[in-house]
Amino acid sequence: MSPFSFWILLSAILCATLQPSSAICPKACPHIMDPVCGTDGRSFTWFSNGCLMRAHNECERNGEKPLREVDLSNCEDPGWE
């Protein structure tokens with residue numbers, strides 16, 4: 001194997017393994033404003049819709065307790081109308 005081929009192969013392997021988490025766990029959600037409030041039992045977070053909250057649970061919680069949907073009145077006013 002030539003040195004050039006080795007570096008190309010090494011670069012391809014590194015690019016495949018060092019992808020950001022959003023690229024590893026793609027989740028397409030509609031751009032629909034249907035707000036939901038989620039909690040992990042300690043804090044509340046609002047999301048534009050339930051799909052975005054589920055995507056957050058699947059792709060960004062990294063083994064932490066998943067968020068569950070609660071009444072929207074539990075979340076602070078995010079400034080939308």
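Residues numbered from 1 in each chain as written. Predicted model: local features only at pLDDT ≥ 70, side-chain atom pairs only at ≥ 80, totals over all residues. Heavy atoms only, no water.

Observations regarding the sheet that holds strand S1 (residues 36-39)
Two orientations exist for strands paired in a sheet by backbone hydrogen bonds: parallel and antiparallel.
Part 1 of the reasoning: Taking strand neighbours across the sheet as the criterion, the 3 strands line up as S2-S1-S3 in an open arrangement whose pairing is antiparallel. Of all strands in the sheet, those with a lone pairing partner are strand S2 (44-47) and strand S3 (68-70), marking the two edges. Strand-to-strand twist across the sheet, computed as the mean angle between neighbouring axes with direction ignored, equals 45°.
Part 2 of the reasoning: In this structure, S1 lies alongside S2, joined through 4 bridges in antiparallel fashion. In the strand pairing of S2, Thr 39 is matched with Phe 44.
Part 3 of the reasoning: Sitting on the sheet, helix H3 (residues 50-60) is in contact with S1, S2 and S3, with an inclination near 25° to S1. (Pairing = 2+ DSSP bridges. Helix = DSSP H or I, 4+ residues; strand = E, 2+ residues; numbered from the N terminus. Axes fitted to C-alpha atoms, helices over the stretch in contact; angles between N-to-C directions. Contact = heavy atoms within 4.5 Å.)

Side note on the state of the cysteines
Simply put, the disulfide is a covalent bond whose two ends are the sulfur atoms of two cysteines.
Part 1 of the reasoning: Counting across every chain of the model gives 2 disulfides.
Part 2 of the reasoning: With its sulfur 2.1 Å from that of its partner, Cys 29 forms a disulfide with Cys 51. With the S-S bond torsion at -80°, the cross-link from Cys 29 to Cys 51 turns out left-handed. Here the residue Cys 29 occupies a position in the loop between helix H2 (21-24) and S1, and Cys 51 occupies one in helix H3, the gap between them amounting to 22 residues.
Part 3 of the reasoning: Covalently, Cys 37 is tied to Cys 75 through a disulfide, its sulfur atoms 2.0 Å apart. Taking the sign of the S-S torsion, about 90° here, the bridge from Cys 37 to Cys 75 comes out right-handed. Placement of Cys 37 in strand S1 and of Cys 75 in the segment after S3 is noted, with a sequence separation of 38 residues between them.
Part 4 of the reasoning: Take Cys 37: its relative accessible area is 1%, and that puts it in the buried class.
Part 5 of the reasoning: Under the relative-accessibility criterion, Cys 75 is labelled buried at 12%. (Disulfide = S-S within 2.5 Å. Buried < 20%, exposed > 50% of the residue type's maximum accessible area, 1.4 Å probe, protein only.)

Some words on H3
Part 1 of the reasoning: All of the buried residues in H3 are Gly 50, Cys 51, Met 53, Ala 55, His 56, Asn 57 and Cys 59.
Part 2 of the reasoning: Between the side-chain oxygen of the N-cap and the backbone nitrogen of Cys 51 there are 3.1 Å, and the N-cap of H3 in question is Asn 49.
Part 3 of the reasoning: Following H3 by one or two positions, Asn 62 has its phi on the positive side, about 50°. (Polar contact = N/O pair within 3.5 Å; in protein donor to acceptor, adjacent residues only side chain to side chain.)

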